[in-house]
Amino acid sequence: MTAEAAGVRLECDGPVATVTLCRPDVLNAQTPTMWRAMSDFSRDLPGDVRVVVLRGEGRAFSAGLDLSVAGASGPGSFAELATLPEQECADRIAEYQGGFTWLHRPDVVTVAAVQGHAIGAGFQLALACDLRVLAEDAKLSMAEVTLGLVPDLAGTGRLVDLVGYSRALEICATGRRMDAAEADRIGLATLVVPNADLDAAVRDLTAGLLANNRNAVVEIKALLAGATGRSAADQQRAEREAQTRRLRDLAGRGE
């Protein structure tokens, strides 16, 4: 399937891969076809890719779920999912989640470049990335509740990790929109820049990520990603073990 047909494309340039949502006519509204394509991208990444940048064409990152597809009666629609046995429905959603969770890969750092709307599935896609660079016009919302639904694309845990339970509940249960300034204030944004500077800011961030030893960055990501689930003693042990691997590798004694 072509990128135009899937609505999303993958381009690789040395150590940087760019995933672009390419349905600007509908503000990059997402479909199950796009999620399957994004899940496949994890298998297609060359081994030398270190940074994955996720962006949307046009004036929005992603307006969320394409309701013209989900609200219809065909494959991937709410109507079809509701008719499936419970386990089959859950398995189908697990398949969709794969389009988001591959961005958690331990061997790459993922960066969302967000302009305009990042609503519902669009917000969850930005949350799936390690870092988020927001243009000043960014508008974020976990809008699933307004449809009587819950966020189910691996976004709830990431949101709690970033802003805590109480704020995450308020964001998800109200479905309200927040601007880039608030996202920055509560810890959702890595960086907020003028719209005209978004591409340059992402390039600078990417260059900074690539400037240092790849294996050290991978170890650091693993240490930080697992920190909240470990006791203080376990985290300190993880640090010791990671540093031992780095010292042996730098001395040419790694495996």
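Going by the annotation in an unreviewed UniProt entry, the name recorded for the protein is Enoyl-CoA hydratase/carnithine racemase, with Micromonospora peucetia given as the source organism. Reading the Sequence similarities (unreviewed entry) entry of the UniProt record for the protein gives the comment "Belongs to the enoyl-CoA hydratase/isomerase family."

Draft legend 1. Inspection of the sheet that holds strand β6 (residues 131-135) at higher detail. Judged by pairing direction, the sheet is mixed, and its six strands sit side by side in the order β1-β2-β3-β4-β6-β9 without closing on themselves. Looking at strand neighbours, the two that pair on one side only are β1 (8-13) and β9 (191-193), the edges of this open sheet. In this sheet, adjacent strand axes meet at a mean angle of 20° when their direction is disregarded. Its contacts with the sheet place helix α10 (residues 198-210) against β2 (16-21), β3 (51-56), β4 (109-114), β6 and β9, and it is angled at close to 160° to β6.

Draft legend 2. Here's a closer look at the environment of Val49. Tracing the backbone through its elements, the reader meets Val49 in the loop between α2 (32-44) and β3. When its relative accessible area of 1% is taken as the criterion, Val49 is described as buried. C-alpha of Val49 to C-alpha of Val108: the two residues are 59 residues apart in sequence and 7.1 Å apart in space. Ignoring sequence-local partners within four residues, the contact set of Val49 consists of Cys12, Gly14, Pro15, Ala17, Asp107, Val108 and Arg214.

Draft legend 3. Up close: the pairing of β1. Two strands pair when backbone bridges link them, and β1 and β2 are joined in this way by six bridges, in the antiparallel orientation. Opposite Leu10, over in β2, you have Val19 as the bridge partner. Hairpin connection between β1 and β2: a loop of two residues separates the two successive antiparallel strands, and Gly14 in this loop has a positive phi of roughly 60°.

Draft legend 4. Here's a closer look at the pairing of β3. Along β3, five of the six residues are buried, which leaves the element largely enclosed by surrounding structure. Here β2 runs beside β3; their pairing, made up of six bridges, is parallel. Note that in β3 the partner of Thr20 across the bridge is Arg55. Examined bridge by bridge, β3 and β4 share five bridges and lie parallel to one another. When the sheet's bridge partners are listed, Val51 is paired in β4 with Val109.

Draft legend 5. The arrangement of the pattern of salt bridges in detail. Tallying each qualifying case throughout the model produces 17 salt bridges. In this structure, Arg43 engages Asp40 in a salt bridge whose closest nitrogen and oxygen atoms are separated by 2.2 Å. Linking Arg43 with Asp40, this pair stays in helix α2, spanning three residues, or about one helical turn. Under the relative-accessibility criterion, Arg43 is labelled exposed at 62%. Several salt bridges converge on common partners, so that one network encompasses Arg167, Glu170, Arg176 and Glu182.

Rules used throughout
Residues numbered from 1 in each chain as written. Predicted model: local features only at pLDDT ≥ 70, side-chain atom pairs only at ≥ 80, totals over all residues. Heavy atoms only, no water. UniProt positions renumbered as here; feature names shortened; annotations may be inferred. Pairing = 2+ DSSP bridges. Helix = DSSP H or I, 4+ residues; strand = E, 2+ residues; numbered from the N terminus. Axes fitted to C-alpha atoms, helices over the stretch in contact; angles between N-to-C directions. Contact = heavy atoms within 4.5 Å. Buried < 20%, exposed > 50% of the residue type's maximum accessible area, 1.4 Å probe, protein only. Salt bridge = Lys/Arg side-chain N within 4 Å of Asp/Glu carboxyl O.

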